[in-house]
Amino acid sequence: MSMVAVAAPARAKALLEHQDLARILALLDRDGEEARVVGGAVRNSLLGRPVTEIDIATTATPEIVMARAQAAKLKSVPTGLAHGTIMLLVESKPFEVTSLREDIETDGRHAKVKFSRDFAVDARRRDFTINALSLSRDGMLYDYVGGLADIEARRLRFIGDPVARIREDYLRILRFFRFAAAYGEGPLDGPAVLACLREREGLARLSRERVRSEILKLLAAPRAGEVTREFSETGLLGTLLSSAPNPARLINLLRFSADEPRDSLLALAALCVNLPEDAERLREGLRLSNSESQRLAEAAAAFLSLHGIEAPPVAAALLRLIFRYGRQAAGDALALAAAERGGGAAWREALAFVRAAPELRLPFSGADLIARGVPDGKEIGEALKELRKRWIEAGFPQDREKLQALLDAVVAARLKH
Ligand code: ATP
Ligand code: MG
């Protein structure tokens, strides 16, 4: 067994220079109580990744945390009092303070906990070794389960027996793939994958909102492509998505769009959307919002119209795609088609063209025609249809003169009748 407490590496110690954090630790880490930074903040600082939220664990009970916050005139919000979590606000920056806990009973998702004064016990109830480190105010790093070595090796491992840990909380199956994609390198831990497979039936007990959130986070992670492929190969991902995943297309999409901020929803489309019906199924299965499923359905419809093409459409065809499906769907479909075809410079140019293009909406209305003497009624509908056809044929001109000429021609033809 390696030493539990070591002097924290400088990159982790730097966390403690954060003034607001120092203030909270000074408040909680005294007079018989201890408080440390735990979880993601310690992990990310060691990995050199941005720290977005700072969680603190303390021997103090929630009552003591609240009393000390009040005495120090800090605002506290009992965000998760049932499991011992209180949010403290310093200069309106939130810190989650959780009293040390020990699981008494687990049922596959929720744990019955009791408060504890033992940081080692609190560490061992966490999921993965890399998530179980704690950092004290005096710059010591506490490593009860070999997390530091795993961080250095970029290795994601369960704390203890993976099967037992998954039975306590089946969400950990999804967290395993998500954290491996976010922080791991190399092949997935064999015993962990095996345990996920053996315990797969527990996945059915997770709420669809949970599944949604984990899958979208997995797709946002740096190593989403690779890990999603392994996840697909287990057969588990297909069950969760109720469709056969296409990880190769996802990998191509991520390579194709590597220079852009990750778009998890488009990644989901690359993974498992071919037809508008797939978007509807995902809406149900992953509880997507209306706007999310609508985006996927429109992308799928536009993608379908590109079916079978080997090279990206020429500019005129791209404009028609935008006019028909909207610029967002046209761009999404083009990215999906590029991923399917393996990407390349020509696809990239086509996508840049679509993104730079304006939304195309017919710049005429019935009122324009009525103003020119076309009789109200079914004449207007027909004239608009004619205008639309000619505007498309003319390549969607935007300048006034051309638009006037188009209108003149159609009105003249109508009035002749
Ligand atoms: P992220 O950057 O994704 O928020 P995180 O490490 O902060 O990463 P959270 O889900 O916010 O992850 O959880 C905070 C910490 O709580 C984790 O680092 C882990 O130690 C513990 N934890 C969270 N969920 C579980 C779980 N289902 N089982 C065991 N421990 C968990
Ligand atoms: Mg977190």
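Thresholds, definitions, all that
- Residues numbered from 1 in each chain as written.
- Chains lettered and ligands numbered in written order.
- Predicted model: local features only at pLDDT ≥ 70, side-chain atom pairs only at ≥ 80, totals over all residues.
- Heavy atoms only, no water.
- Near = heavy atom within 4 Å.
- Polar contact = N/O pair within 3.5 Å; in protein donor to acceptor, adjacent residues only side chain to side chain.
- Areas by Shrake-Rupley, 256 points an atom, 1.4 Å probe, with all protein chains shown as cover.
- Helix = DSSP H or I, 4+ residues; strand = E, 2+ residues; numbered from the N terminus.
- Nonpolar A, V, L, I, M, F, W, Y, C, P; charged D, E, K, R; others polar.
- Domains from an automatic or database assignment.
- Pairing = 2+ DSSP bridges.
- Axes fitted to C-alpha atoms, helices over the stretch in contact; angles between N-to-C directions.
- Contact = heavy atoms within 4.5 Å.
- Salt bridge = Lys/Arg side-chain N within 4 Å of Asp/Glu carboxyl O.
- Buried < 20%, exposed > 50% of the residue type's maximum accessible area, 1.4 Å probe, protein only.
- Parallel < 35°, antiparallel > 145°, perpendicular 65-115°, else oblique.
- Left-handed = near helix turned anticlockwise from the far one by under 90°.
- Core = buried A, V, L, I, M, F, W, Y, C linked by side-chain atoms within 4.5 Å.

A.B. asks: Is there a simple way to explain the site of ligand 1 in this structure?
C.D. replies: Around ligand 1, the surrounding shell holds 14 residues, and the nearest of these are R43, D169, R172, R175 and R178. Between an oxygen atom of ligand 1 and a side-chain N or O atom of R126, the distance comes to 3.0 Å. D169 places a polar side-chain atom, nitrogen or oxygen, 2.8 Å from a nitrogen atom of ligand 1. When the free accessible area of ligand 1 is taken as 580 Å², the share hidden by the protein chains comes to 74%. Within the residue set of the shell around ligand 1, elements represented by two or more residues are helix 3 (40–47) and helix 8 (171–183). A total of 5 residues in the shell around ligand 1 trace back to one element, the largest contributor, which is helix 8. Split by residue class, the shell around ligand 1 holds 2 nonpolar, 3 polar and 9 charged. When residues of the shell around ligand 1 are assigned to domains, at least three map to each of domain 1 (4–153) and domain 2 (159–241).

A.B. asks: Is there a simple way to think about the sheet that holds strand 10 (residues 140–142) in this case?
C.D. replies: Strand pairing in a sheet is mediated by backbone hydrogen bonds. Such pairs are either parallel or antiparallel. If you walk across this open sheet you meet the 8 strands as 1-10-9-2-3-6-5-4, and the pairing is mixed. Every other strand in the sheet has two partners, leaving strand 1 (5–7) and strand 4 (75–80) as the edge strands with one partner each. On average, each strand axis in the sheet is inclined to that of its neighbour by 35°, with strand direction left out of account. The pairing of strand 3 (residues 55–58) with strand 6 (residues 93–99) spans 4 bridges and is parallel. Of the residues in strand 6, the one forming a bridge with A57 is T98. Each of strand 2 (35–38), strand 9 (134–136) and strand 10 is contacted by helix 3, which is oriented at about 60° to strand 2, the strand it contacts most. Helix-sheet contacts for helix 4 (residues 62–71) involve strand 3, strand 4, strand 5 (85–90) and strand 6, and the interaxial angle to strand 5 is about 15°.

A.B. asks: Honestly, the pattern of salt bridges in this entry has me stumped. Any pointers?
C.D. replies: For the coordinates displayed, the defined rule picks out 31 salt bridges. Measuring nitrogen to oxygen at the nearest pair gives 2.4 Å for the salt bridge that ties D20 to K93. Highlighted residues: D20 in helix 2 (residues 19–28) and K93 in strand 6, separated in sequence by 73 residues. With relative accessibility at 12%, the residue D20 sits in the buried group. Residue K93 is classed as partly exposed on the basis of its relative accessible area of 38%.

A.B. asks: Where do I start with the side chain of N131 in this structure?
C.D. replies: By the element assignment, N131 lies in the loop between helix 5 (119–124) and strand 9. Taking the relative accessible area as the measure of exposure, N131 reaches 6% and is therefore buried. Apart from residues no more than four positions distant in its own chain, N131 is found in contact with G39, R43, R126, R175 and F179.

A.B. asks: Would you mind going over the packing of helix 21 (residues 378–393) against helix 22 (residues 400–416) with me for this structure?
C.D. replies: When two helices pack together, their arrangement is given by the angle between the helix axes and by the axis-to-axis distance. Put simply, helix 21 and helix 22 touch, their axes get as near as 10 Å, and they point 140° apart. Classified by the angle their axes make, helix 21 and helix 22 are oblique. Of the two elements, helix 21 crosses helix 22, and the hand of that crossing is right-handed. Only L403, L406, L407, A409, V410 and R414 of helix 22 make contact with helix 21, whose side of the interface consists of E379, E382, A383, E386, L387, R390 and W391.

A.B. asks: Just to check I follow, could you spell out the pairing of strand 6 for this structure?
C.D. replies: Two faces make up the sheet, and in a regular strand the side chains alternate between them. Two strands pair when backbone bridges link them, and strand 5 and strand 6 are joined in this way by 6 bridges, in the antiparallel orientation. Bridging from a neighbouring strand, M87 pairs with E96 of strand 6. Hairpin connection of strand 5 to strand 6: 2 residues between the antiparallel strands, including E91 at a positive phi of 50°.

A.B. asks: What's the story with the nonpolar core in this structure? I'm lost.
C.D. replies: Grouped burial of nonpolar side chains is what soluble globular proteins tend to show. Ranked by size, the top nonpolar core spans 124 residues in total, and within it I56, F176 and L268 carry the most contacts. Excluding residues that lie within four positions of it along the chain, L268 makes contacts with I215, L216, L219, L241, V273, L282, L286, L288 and L296.

A.B. asks: For this particular structure, what's the right way to read helix 11 (residues 224–233)?
C.D. replies: Two residues of an α-helix separated by three or four positions point the same way, owing to the 3.6 residues in each turn. Among all positions in helix 11, only A224, G225, V227, T228, F231 and S232 are buried. Check the buried side of helix 11 and you find it contacts helix 8, helix 10 (208–220), helix 12 (236–241), helix 13 (247–256) and helix 14 (264–272). Count one or two residues on from helix 11 and you reach G235, which has phi positive near 90°.

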